[in-house]
Amino acid sequence: MYPLIKNLVKADQPVIEAGLKKWAENIIANGVPHNNWDLFQADFIVKIALVLQDNNAYADGKGKQYYLDYIVNQNSIRQWSIAKLIDFGFDKNAKTWYESPGYSTTVLGTICGFANMLDEKADIDLFTKRPILIDGVKTSAEYLFPNRMIAGFGDTHPGYLNISGIDNILKYASRHKKKSLMADMNALKSAVATDAPLTEIERYTSTLFYAPNVSWIAMRTGMDKQHDLMASLNASFGNHAHANGISLELYGKGYVLGPDAGIGKHLYSGLDYSEYYSQMPAHNTVVVDGVSSYPVMMSQHAFKVIASSPKVSVEQPSSKTIAEQKERMTYATVSFVEPETQSQQQRTTAVVKTSDKGGYYIDVFRSRKKEGGDKTHDYFYHNLGQTMTVADAATDKPLDMRSTEELAFAGGHLYAYSYIYNKECADMNGAVVKTQFVTDITDENVVKAMDGQYKITMTMWMKPEKDRTVFKALSPVNLEYERMPNQPYKVIDQPVLTFVARQKGEAWTRPFVAVYEPSSDTEPGDIASVDFFEPKEEGSVGIIVKLKDGEQQRIVCKESGEVIM
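Since this is a predicted model, take the numbers as computed values, not measurements. Residue numbers restart at each chain and count upward from 1, following the sequence in its written direction. Where totals are concerned, whole chains, interfaces and linings use all residues; where local detail is concerned, this predicted model gives features only for residues with pLDDT of at least 70, and gives and counts side-chain atom pairs only at 80 or more. Side-chain measures were taken over the full set of non-hydrogen atoms in the model, leaving aside hydrogen atoms and water.

J.: Go over the overall build of the protein chain, please, and point to the residues and values.
T.: Each helix and strand counted, the protein chain has 13 helices and 25 strands in total. With the C-alpha coordinates of the protein chain rotated into their principal frame, the extents come out at 90 × 50 × 45 Å. Across the 565 residues in the protein chain, those meeting the buried criterion constitute 61%. Whether two residues are in contact is decided by their heavy atoms: any pair within 4.5 Å suffices. A separation threshold of at least 6 residues defines the contact pool for the protein chain, and within that pool the share at least 24 residues apart is 68%. Using a 1.4 Å probe, accessible areas were evaluated by the Shrake-Rupley method; residue-level cover was limited to the displayed protein chains. When the accessible surface of the protein chain is summed, it comes to about 22200 Å², and 51% of that surface belongs to carbon and sulfur atoms. Neither His nor the chain termini are counted; the positive set is Lys and Arg, and the negative set is Asp and Glu. Note that the charge is assigned to NZ on lysines, CZ on arginines, CG on aspartates and CD on glutamates. Charge separation in the protein chain, taken as the distance between the mean sites of 60 positive and 69 negative side-chain charges, equals 3 Å. By the criteria applied, helices consist of DSSP H or I runs no shorter than four residues and strands consist of E runs no shorter than two, each listed in order from the N terminus. Burial classes: relative accessible area under 20% of the type maximum marks a residue as buried, over 50% as exposed, and values in between as partly exposed (1.4 Å probe, protein chains only).

In structure tokens:
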């Protein structure tokens, strides 16, 4: 407003501009430097700078040029330069911003908008000074599941990709007539559209992608919304992270069927966030002795990559794009130190393609306390849907489950356990347990969008172990998906189907071993049965997957993290 009324308030110009300068100095003195707040502060200070006079108009020498230079190049305790913020926030190899996907994709748009404004209004070319901004926008496609919605770990509400970063780079490129950059951004914008052909989006997504600065791995068989698979593994590193250990999200038949739970009804101000949604029992992970936890938000608890195929590392975070390299099996093994109980945890997750329309996941989770004295290890898995059955895999007969209050905070456990209700349990007793989570799609428009599917099923087979109890329960509603378009049902009204396996004692030599297969009424699963065997190599796990076409697949998951098929 100030430039519009400047000629009308000439007598008050000194006091008005002194007020604006005071405003800028207050932000510089009292801001938050190490996340998106620093960017919002910088944006505000630049807008002040652009309506001020030149430096020499003020006794203290602080005018337009001073504040522009301060924001771009200078640093203080509470206000980092944009250059420092970019260097701090982006991984130089993975090109990812260090916050959860919901924040990362938003920040990309905001920071590119800021850079475009600086270039247009102040002739400061941040895109040339920090080309990682353009690389980061290109890399943002890696957040996408095959349904073109972003991964949901940490404080995220999954939605379609925020393309404001692309649009702001296009404005910049158009202004400077950078034809090659314009072509790149137009191609990317086309590729991330919800209806883009596979040949386009698969040029921007990898078979296996690793982002160390948020401790996240994505594994894909492809980007076909209906037929491809993707597993998302993450720990707790960077900003807006949860206490989730090694958490897992699983995709199938158009949806992330095994999602994170979200950030609570009242976001960060609610007890449900601090007690449940940000804690391990809300995630697909393993809790030790009922107490596993650590600080959330700005977290420093990353996993380490032990083995993977294709190979990735901190220096080389991505395999080839899907367009260049499709694998029949992709896997990653990661290790994690659970700090509350000082437990060693290791998770091997594999994605196996069985046909043009199907595939399955393997999950092997090992967990033990470093100093021994293990009481319990609880394997949590949450799935979309309205009905859940737990049966003996050999007979398909439901287990004889009894009502229980065993999963509760009583006994010194996390209060998150008391958010879980309608609990029933049964001992494994040597039987392979087959659990099915069924999602009935209730909206005819969604049925049409989902290729005529009315019913989606996730089937899980779990290897039996001594001293192991399985639980069937309900958890609070999924508040990650409350804003999701094309919901299969009104998720805000439906408790989350929850499976828990409790291992008494250690769970390292007796790991949790599970096979997951998504299927639907229009596309039945390819698996006929799942069984297990003991490989010759000590510490290894053997899995036999028999397909309906007669093929038998034998998979060995070694304690070292290697997977052989």
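J.: Could you give me a rundown of the side chain of Gln494, with the residues and numbers involved?
T.: Structurally, Gln494 can be placed in the loop between strand S19 (468-475) and strand S20 (496-504). Gln494 gets classed as buried once you look at its relative accessible area, which sits at 19%. Among residues more than four places away in sequence, those in contact with Gln494 are Gly385, Gln386, Val477 and Tyr489.

J.: How would you explain unusual backbone geometry if you had to name every residue and give the values?
T.: That bond from Ser309 to Pro310 is cis: its omega, -5 degrees, falls within 30 degrees of zero. Inspection of the secondary structure assignment puts Pro310 in the loop between strand S9 (304-309) and strand S10 (329-338). With a phi close to 70 degrees, Arg148 is a non-glycine residue in the positive phi region. Within the secondary structure layout, Arg148 lies in the loop between helix H8 (132-139) and helix H9 (164-175). On the basis of relative accessibility, which here comes to 4%, the residue Arg148 falls in the buried class. In the Ramachandran plot, Asp467 falls in the positive-phi region, its phi being about 60 degrees despite a non-glycine side chain. Note that Asp467 resides in the loop between strand S18 (455-462) and S19.

J.: Lay out the environment of Gln325 in plain terms, naming residues and giving numbers.
T.: Inspection of the secondary structure puts Gln325 in the loop between S9 and S10. Classification of Gln325 as buried rests on a relative accessible area of 16%. Those residues within four positions of Gln325 in sequence are excluded, and the remaining contacts are Thr207, Pro310 and Lys320.

J.: Before we move on, can you summarise the packing of aromatic side chains with the specific residues and values?
T.: Pairing of aromatic rings covers Phe, Tyr and the six-membered ring of Trp, with a centre-to-centre limit of 6.5 Å; geometry is then stacked below 30 degrees between planes, edge-to-face above 60, and tilted otherwise. Scanning the entire structure with this criterion turns up 23 aromatic pairs. Pairing Trp23 with Phe44 gives two aromatic rings, centres 5.3 Å apart and planes at 70 degrees, and the pair type is edge-to-face. Taken as a pair, Trp23 in helix H2 (residues 13-30) and Phe44 in helix H3 (residues 36-49) lie far apart in primary sequence, 21 residues in all. What makes Trp23 partly exposed here is its relative accessible area of 46%. By relative accessible area, Phe44 is classed as partly exposed at 37%. Here the aromatic residues Trp80, Phe88, Phe90, Trp97 and Tyr98 are joined through ring pairs into a cluster of three or more. Counted as over-ring charges are cases with an Arg CZ or a Lys NZ within 6 Å of the ring centre that also lie within 35 degrees of the ring normal. The ring of Tyr58 is capped by Lys21, whose NZ or CZ atom sits 4.6 Å from the centre of that ring.

J.: How would you explain H9 if you had to name every residue and give the values?
T.: Take the residue count of a helix, subtract one, and multiply by 1.5 Å to get its expected span. Over its twelve residues, H9 extends 17 Å from the first C-alpha to the last, a length consistent with the 16 Å expected when each residue adds 1.5 Å. Buried residues belonging to H9 abut helix H6 (101-122), helix H7 (126-129), H8 and helix H10 (179-191). Positive phi shows up at Lys177, right after H9, with a value of about 55 degrees.

J.: Which residues make up the nonpolar core, and what values go with them?
T.: Grouped together as the largest cluster of nonpolar side chains are 149 residues, with contacts concentrated most on Phe114, Trp216 and Tyr379. With nine residues, the top contributor of residues to this core is H6. Those residues in contact with Trp216, other than ones at most four positions away along the chain, are Glu142, Tyr143, Ala151, Phe153, Phe209, Tyr210, Ala211, Met230, Ser232, Leu233, Asn234 and Phe303. Nonpolar core, defined: a set of buried Ala, Val, Leu, Ile, Met, Phe, Trp, Tyr and Cys residues in which side-chain atoms within 4.5 Å join the residues together. Within the second largest apolar cluster, 22 residues are counted, among which are Ile362, Val513, Ile543 and Val563.

J.: Go over the sheet that holds S9, please, and point to the residues and values.
T.: Pairing is antiparallel across the open sheet formed by eight strands, whose spatial order is S9-S10-S11-S12-S21-S18-S17-S14. Both edges of this open sheet fall to S9 and strand S14 (387-392), since each of them pairs with a single strand only. Across this sheet, the average inter-strand angle for adjacent strands is 15 degrees, counted without regard to direction. The criterion for strand pairing is that DSSP finds at least two bridges linking the strands in question. To obtain an axis, a line is fitted to C-alpha atoms, over the contacting stretch when the element is a helix, and the angle between two such axes runs from 0 to 180 degrees between their N-to-C directions.

J.: Run through the pairing of strand S1 (residues 208-211), naming residues and quoting values.
T.: Alternating residues of S1 divide into Leu208 and Tyr210 and Phe209 and Ala211, and every residue in both groups is buried. As paired strands, S1 and strand S2 (residues 216-220) are joined by four bridges and run antiparallel to one another. Along S2, the bridge assignment pairs Ala211 with Trp216. What sits between the antiparallel neighbours S1 and S2 is a turn of four residues, in which Ser215 has the positive phi angle 50 degrees.

J.: Provide a residue-level description of a nonpolar patch on the surface, including the pertinent values.
T.: Patch construction takes residues with relative accessible area above 30% that form no salt bridge. Like charges are linked within 9 Å, and nonpolar side chains (Val, Leu, Ile, Met, Phe, Trp, Tyr) are linked within 5 Å. What counts as a salt bridge is simple: a side-chain nitrogen of Lys or Arg found within 4 Å of a carboxyl oxygen of Asp or Glu. A cluster of nonpolar side chains, Leu4, Ile5 and Leu8, forms an exposed patch at the surface whose accessible area comes to about 360 Å². Within the secondary structure, Leu4 is located in helix H1 (residues 2-5). Looking at Leu4, the relative accessible area reads 75%, which means it is exposed.

J.: So what about the packing of H2 against H3? Which residues, and what values?
T.: At a minimum axis distance of 10 Å, the contact between H2 and H3 shows a crossing angle of 160 degrees. Looking at the two axes, H2 sits roughly antiparallel to H3. Two packed elements cross with a definite hand, and for H2 against H3 that hand is left-handed. From H2, Leu20, Trp23, Ala24, Ile27 and Ile28 reach across to H3, where they touch Gln41, Phe44, Ile45 and Ile48. Residue composition of the contact of H2 with H3, grouped by class: eight nonpolar, one polar and no charged. The labels follow the angle: roughly parallel below 35 degrees, roughly antiparallel above 145, roughly perpendicular from 65 to 115, and oblique for the rest. Handedness of a crossing is defined here by the sense of rotation of the near helix relative to the far one, left-handed for an anticlockwise turn of less than a right angle and right-handed for a clockwise turn. Ten residue types, Ala, Val, Leu, Ile, Met, Phe, Trp, Tyr, Cys and Pro, are classed as nonpolar, four, Asp, Glu, Lys and Arg, as charged, and the remainder, Gly among them, as polar.

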